[in-house]
Amino acid sequence: MARLEILEFPDPRLRTRAKPVETFDDDLRALVDNMLETMLAAHGIGLAATQVNRHIRVLVLDVSDDQTDPRVYINPRIVDEEGSRVCEEGCLSVPGIYANVQRAETVRVEAQDRNGVTFQEEVTGIHSVCLQHEMDHLEGKLFVDYLSPLKRQMVRKKLDKQRRQKLADQQKSPARPAP
């Protein structure tokens, strides 16, 4: 397995609408495994293929307390939703930024697993929120799109400042000699 690079806002590739998966093969299963490894290594609870510059309708998540229940949704679509809740969300593509977003409390989703088998399930709470968040990525939408333009601009400035600081820190640290 391999860790994949996670694209960060405002990278325009995050705005690409994902295409349906038509072929369920070893390459797809390897992508799913790599996405799960990448998500866990980044301490996330969800990751969409769009975030790793693969523009196909694949997402993974694990909202269990001990992250031992990885879930895979390929070609997901919400077939029903109920209720409403506001939840503070973050995103691996918008590191260090959190904001309240309104989502459906419960959703019924239809999707395919890594082998192409279709299933339906009803999810609620944080599972529902995470699923909707990741499905937004497949449409080229980010949780910051739910914020006002002023707040979005503040997020962009904060991320730019974080990147400049990270670069400055990298330039300050001495290069390690090769063994």
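To be clear, the structure that these remarks concern was listed above.
The shown structure was predicted, so the numbers you read here are calculated from the model rather than taken from an experiment.

### Regarding the nonpolar core
Okay, step 1: Within the largest apolar cluster, 17 residues are counted, with the highest numbers of intra-cluster contacts made by M35, L47, I56, V58 and V60.
Okay, step 2: At six residues, the largest contribution of residues to this core is made by helix α1 (residues 26-41).
Okay, step 3: Aside from chain neighbours lying at most four places away, what touches L47 is I6, M35, T38, M39, V52, V58, L59, V60, L92 and E134.
Okay, step 4: One finds Y73, V109, V123 and M135 within the second-largest nonpolar core, a separate group that totals 15 residues.

### Digging into the side chain of H137
Okay, step 1: Among the secondary structure elements, H137 is positioned in helix α2 (residues 125-138).
Okay, step 2: Overall, the relative accessible area of 0% leaves H137 in the buried class.
Okay, step 3: Contacts of H137, omitting those with residues within four sequence positions, involve L14, T16, A48, T50, Q51, C91 and L142.

### So, the pairing of strand β5 (residues 94-103)
Looking along a regular strand, one sees the side chains alternate between the two faces of the sheet.
Okay, step 1: Pairing geometry for strand β4 (residues 85-91) and β5, over six bridges, is antiparallel. Residue pairing across strands places R85 opposite R103, the latter belonging to β5.
Okay, step 2: The turn joining β4 and β5, which pair antiparallel and follow one another in sequence, is formed by two residues.

### Brief notes about unusual backbone geometry
Apart from glycine, the bulk of residues carry a negative phi angle, and the bulk of peptide bonds sit in the trans form.
Okay, step 1: For the bond from F9 to P10, the omega torsion is 15 degrees, close enough to zero to count as cis.
Okay, step 2: Relative to the helices and strands, P10 is located in the segment before α1.
Okay, step 3: In this structure, N53 takes a positive phi of about 60 degrees despite not being glycine.
Okay, step 4: At Q67, a position not held by glycine, the phi torsion is positive, near 50 degrees.

Cut-offs and rules
Residues numbered from 1 in each chain as written. Predicted model: local features only at pLDDT ≥ 70, side-chain atom pairs only at ≥ 80, totals over all residues. Heavy atoms only, no water. Core = buried A, V, L, I, M, F, W, Y, C linked by side-chain atoms within 4.5 Å. Buried < 20%, exposed > 50% of the residue type's maximum accessible area, 1.4 Å probe, protein only. Helix = DSSP H or I, 4+ residues; strand = E, 2+ residues; numbered from the N terminus. Contact = heavy atoms within 4.5 Å. Pairing = 2+ DSSP bridges.

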